[in-house]
Amino acid sequence: MDGFSRGRPGVTGKADAMRGWIEPIIGRLMDHVLTFPEDAGGSPPVPPPLPGRRYLLYAHVPFCERLCPYCSFHRVQFRSDKAARYFRALRDEIRHYRESGYTFSEVYVGGGTPTVCVEELAATLALIRGNWPVREISVETNPNHLTQPVIDTLLAAGVRRLSVGVQSFDDGLLKAMDRYAAYGSGAAIAARLQDLRGAFGTLNADMIFNLPGQSRASLERDLDILREIDIDQVSFYPLMVADSSRRRMARTMGQVDYRNEETGYRLIRQRLGPTHPPSTVWTFSRGDRMIDEYIVGRDEYVGVGSGAFSYLRGSLYATSFSLNQYERLIDRQGFGVTRQRTYSRRWQLRYHLLMALFGLRLHRDRDLRQFGAGCFRALWKELTALRLLGAIRRTPDGYALTDRGMYLWLVMMRRFFTTVNNFRDQMRAHIREERIPEAGCPLAMRQETARPRLR
Ligand code: SF4
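Our subject in this report is the structure included herewith.

Criteria and thresholds
Throughout, residues of each chain are indexed from 1 in the direction in which the sequence is written. Two thresholds apply to this predicted model, a pLDDT of at least 70 for residue-level local features and 80 or more for giving and counting side-chain atom pairs, whereas whole-chain, interface and lining totals are computed over all residues. Side-chain figures throughout are based on the complete set of non-hydrogen atoms in the structure, without hydrogens or water. By definition, two strands form a pair when at least two bridges between them are found by DSSP. The secondary structure listing takes helices from DSSP runs of H or I that are at least 4 residues long and strands from runs of E that are at least 2 residues long, numbered from the N terminus. Only the contacting stretch of a helix is used when fitting its axis, a line to C-alpha atoms as for every element, and angles between N-to-C directions run 0 to 180 degrees. Residues are counted as near a molecule or strand when any one of their heavy atoms sits within 4 Å of it. Classification used: nonpolar for Ala, Val, Leu, Ile, Met, Phe, Trp, Tyr, Cys and Pro, charged for Asp, Glu, Lys and Arg, polar for all others including Gly. Polar contact criterion, stated in full: a pair of N or O atoms within 3.5 Å, where within protein one must be able to donate a hydrogen and the other to accept it, and residues adjacent in sequence count only if both atoms are side-chain atoms. Contact criterion: two residues are considered in contact whenever any of their non-hydrogen atoms come within 4.5 Å of each other. Buried, partly exposed and exposed residues are distinguished by accessible area as a fraction of the type maximum, computed with a 1.4 Å probe on protein chains only: under 20%, between the cut-offs, and over 50%, respectively. If an angle is under 35 degrees, it is roughly parallel; if it is over 145, roughly antiparallel; if it lies from 65 to 115, roughly perpendicular; otherwise it is oblique. Only one rule defines a salt bridge in this text: a Lys or Arg side-chain nitrogen within 4 Å of an Asp or Glu carboxyl oxygen. Here a crossing is called left-handed whenever its near helix is offset anticlockwise from the far helix by less than a right angle, and right-handed whenever the offset is clockwise. Stacked, edge-to-face and tilted labels apply to pairs of Phe, Tyr and Trp rings (six-membered ring for Trp) whose centres lie within 6.5 Å, assigned for plane angles under 30 degrees, over 60, and everything in between, in that order. We call a charge positioned over a ring when the NZ of a Lys or the CZ of an Arg lies within 6 Å of the ring centre and within 35 degrees of the ring normal.

### What about the sheet that holds strand β16 (residues 398–401)?
Here comes step 1: The 3 strands lie next to each other as β14-β16-β15, forming an open sheet whose pairing is antiparallel. The open sheet terminates on both sides in strands that have one partner only, identified here as β14 (361–363) and β15 (392–395). Across the sheet, the axes of successive neighbouring strands diverge by a mean angle of 25 degrees, strand direction being ignored.
Here comes step 2: Across 4 bridges, the pairing between β15 and β16 is antiparallel.

### Description of the site of the ligand
Here comes step 1: In the vicinity of the ligand, the residues found are Cys64, Arg66, Leu67, Cys68, Tyr70, Cys71, Phe73, Arg75, Gly112, Asn142, Arg179 and Tyr183.
Here comes step 2: Taken together, the residues of the shell around the ligand sort by class into 7 nonpolar, 2 polar and 3 charged.

### Brief notes about the side chain of His74
Here comes step 1: Turning to its location among the elements, His74 is positioned in the loop between β2 (63–64) and β3 (76–77).
Here comes step 2: At a separation of 3.5 Å, a polar atom in the side chain of His74 contacts the main-chain carbonyl oxygen of Phe321.
Here comes step 3: Apart from residues lying up to four places away in sequence, His74 is in contact with His60, Pro62, Gly112, Ser306, Gly307, Phe321, Leu323, Arg424 and Arg428.

### Some points on unusual backbone geometry
Peptide bonds are trans in most cases, and residues, glycine excluded, mostly fall at negative phi.
Here comes step 1: The omega torsion across Gly111 and Gly112 is 20 degrees, close enough to zero to call that bond cis.
Here comes step 2: By the element assignment, Gly112 lies in the loop between β4 (104–111) and α3 (118–131).
Here comes step 3: Its identity is not glycine, yet Asp230 carries a phi of approximately 60 degrees, on the positive side.
Here comes step 4: For Asp230, the position within the fold is in the loop between α8 (216–229) and β8 (233–238).
Here comes step 5: Here Asp230 falls in the partly exposed class, since its relative accessible area comes to 31%.
Here comes step 6: Of note, Arg313 is a non-glycine position whose phi angle comes to about 50 degrees, a positive value.
Here comes step 7: Inspection of the secondary structure puts Arg313 in the loop between β11 (309–312) and β12 (315–319).

### Overview of the pairing of β12
Residues in a regular strand point their side chains to alternate faces of the sheet.
Here comes step 1: Within β12, 5 of the 5 residues are buried, which leaves it mostly tucked inside the rest of the structure.
Here comes step 2: Residues Ser315, Tyr317 and Thr319 of β12 are buried on one face, and the alternating residues Leu316 and Ala318, pointing to the opposite face, are buried as well.
Here comes step 3: Alignment of β11 against β12, held across 4 bridges, turns out to be antiparallel. The partner of Ser310 across the bridge, within β12, is Tyr317.
Here comes step 4: Counted along the chain from β11 to the antiparallel partner β12, the turn is 2 residues long, and its residue Arg313 has a positive phi close to 50 degrees.
Here comes step 5: When β12 meets strand β13 (residues 337–342), the two strands line up antiparallel, connected through 5 bridges. Bridged to Leu316 within β13 is Arg341.

### Focus on the packing of helix α2 (residues 80–99) against α3
Here comes step 1: Where α2 meets α3, the axes come as close as 10 Å, and the angle between the chain directions of the two elements is 10 degrees. Our classification of the angle between α2 and α3 gives roughly parallel. Contacts from Ala84, Phe87, Leu90, Arg91, Ile94, Arg95 and Arg98 of α2 reach α3 at Glu120, Leu121, Ala123, Thr124, Leu127, Ile128 and Asn131.
Here comes step 2: Taken together, the residues of the contact of α2 with α3 sort by class into 8 nonpolar, 2 polar and 4 charged.

### Remarks on the pattern of salt bridges
Here comes step 1: Taken as a whole and assessed by the stated rule, the structure comprises 21 salt bridges.
Here comes step 2: A salt bridge links Arg259 to Asp257; the nearest nitrogen and oxygen atoms lie 2.6 Å apart.
Here comes step 3: Judged by its relative accessible area of 30%, Asp257 falls in the partly exposed class.
Here comes step 4: The salt bridge partner of Arg266 is Glu262, with a shortest N-O separation of 2.9 Å. Within this pair, Arg266 and its partner Glu262 are both found in helix α10 (residues 261–272), separated by 4 residues, close to a single helical turn.
Here comes step 5: Residue classification places Arg266 among the partly exposed positions, given a relative accessible area of 27%.

### What about the environment of Trp409?
Here comes step 1: Take Trp409: it is sitting in helix α16 (residues 403–428).
Here comes step 2: Note: C-alpha distance between Trp409 and Leu360 (49 residues apart in sequence) is 8.9 Å.

### Considerations on the packing of α2 against helix α11 (residues 323–333)
Here comes step 1: Where α2 meets α11, the closest approach of the two axes is 10 Å, and the angle between their N-to-C directions is 40 degrees. Regarding the angle of α2 to α11, the classification is oblique. The element α2 and its partner α11 pack so that their crossing is left-handed. The residues of α11 that touch α2, namely those facing Lys82, Arg85, Tyr86, Ala89, Leu90, Asp92, Glu93 and His96, are Leu323, Asn324, Tyr326, Glu327, Ile330 and Gln333.
Here comes step 2: Its residues assigned to classes, the contact of α2 with α11 comprises 6 nonpolar, 3 polar and 5 charged.

### Considerations on the packing of aromatic side chains
Here comes step 1: Counted by the stated rule, this structure contains 24 aromatic pairs.
Here comes step 2: Considering the side-chain rings of Trp282 and Phe358, the 5.0 Å spacing of their centres and the 70 degrees angle between planes classify their relative orientation as edge-to-face. Separated by 76 residues along the polypeptide, Trp282 in the loop between α10 and β9 (283–285) and Phe358 in helix α12 (residues 345–358) bring together distant segments of the chain. You'll find Trp282 and Phe358 in the same group, each marked buried.
Here comes step 3: Within the aromatic cluster, the residues linked to one another by ring pairs are Tyr55, Tyr97, Tyr102, Phe104, Trp132 and Phe335.
Here comes step 4: One Lys or Arg, Lys175, reaches over the ring of Tyr180 and ends 4.6 Å from the middle of that ring.
Here comes step 5: Against the face of Trp347 rests Arg350, its NZ or CZ located 4.6 Å from the ring centre.

Here is the structure:
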């Protein structure tokens, strides 16, 4: 962030120093967590559901109309015929979970751009709602899809939370990110968000800070606009890129540099905190809201679609990152899972600690119920180290992150998701045939210019 002050003397310096020595340790831990055994060629069996358990369902839609240079998600160039086949396979996989006895109570659809073919998305949500009385449905989208037909379709499909990929309102940065032409100017996006206020239970803006070339003034302006819009929720992600995207970004936007990350984070918390207290380390909400990070506070979840992860009975499962293989697997056996990693009790507890503190606190009673007596004792080394670092403090019902711990956990989660992104890269490395130039979905193309008119 050019022109960023270095913060209060001593504060940022300490944070930098802490980041410097702690990040490699975190990196090694995350590599351990996310190392899957080699693909043995078969498909690991998905365990049956626990009796009476209601699960969270994550569905991945990997298509995007444009592939942003900084993005490390599992996404491919949109093509309508491929998307139609993919959605059919996705619905078949969901049916297969139903036949296996699973019950879902919350649904998150992420991507990619899930609204890239909104009729297919609506058919998928109709299938889910026809089978289970889901309480909450959250969907991600891009600003060019905030049109009346799409909004009406999403509302009719029961969507309660809409998460819009904004990234920044700064036109210079939007152009550098190759988003200006596809998704419109910062002013146009802000106007669309303003029109949408009150339409959904939660309207979330996904933002990024610490982008190469992002100045303090630019970040302050983004924060001012978010306050003017009075948006329900902001997920302000630190820039996190896989190693491959880092090289791509260096050629397009500039070098990734973490030295000003803590200063930017402090500014975001100062500006948003009074109206939007943190719900997670990087999500700020007005009131109690659904959040993007469904992994927070959920001990188990099911992921469907290419490149999705499930966490069930202490094992992490990954579905195939090849769309063609995914469709073949669904055809043959109903599930798309190709990898499984099982954790010891100790690593399950560590994973739980990571995710619980991402959601700001560790609840003693809830954890004792879930993991049984001795779970806090088993984590005594980690908890002691975090207390000595000043990252957590005791509370009447467990532990909470301190002010200092908030930034430490942001680094921790950035490193976690960077490792996930590297894993995604590794899994996609050989899938060349799926990087195809695109043709359009008629409705998505129409959506580019229209502006929503909401009641
Ligand atoms: S940032 Fe969003 S729109 Fe851009 S490529 Fe990634 S998933 Fe697609």
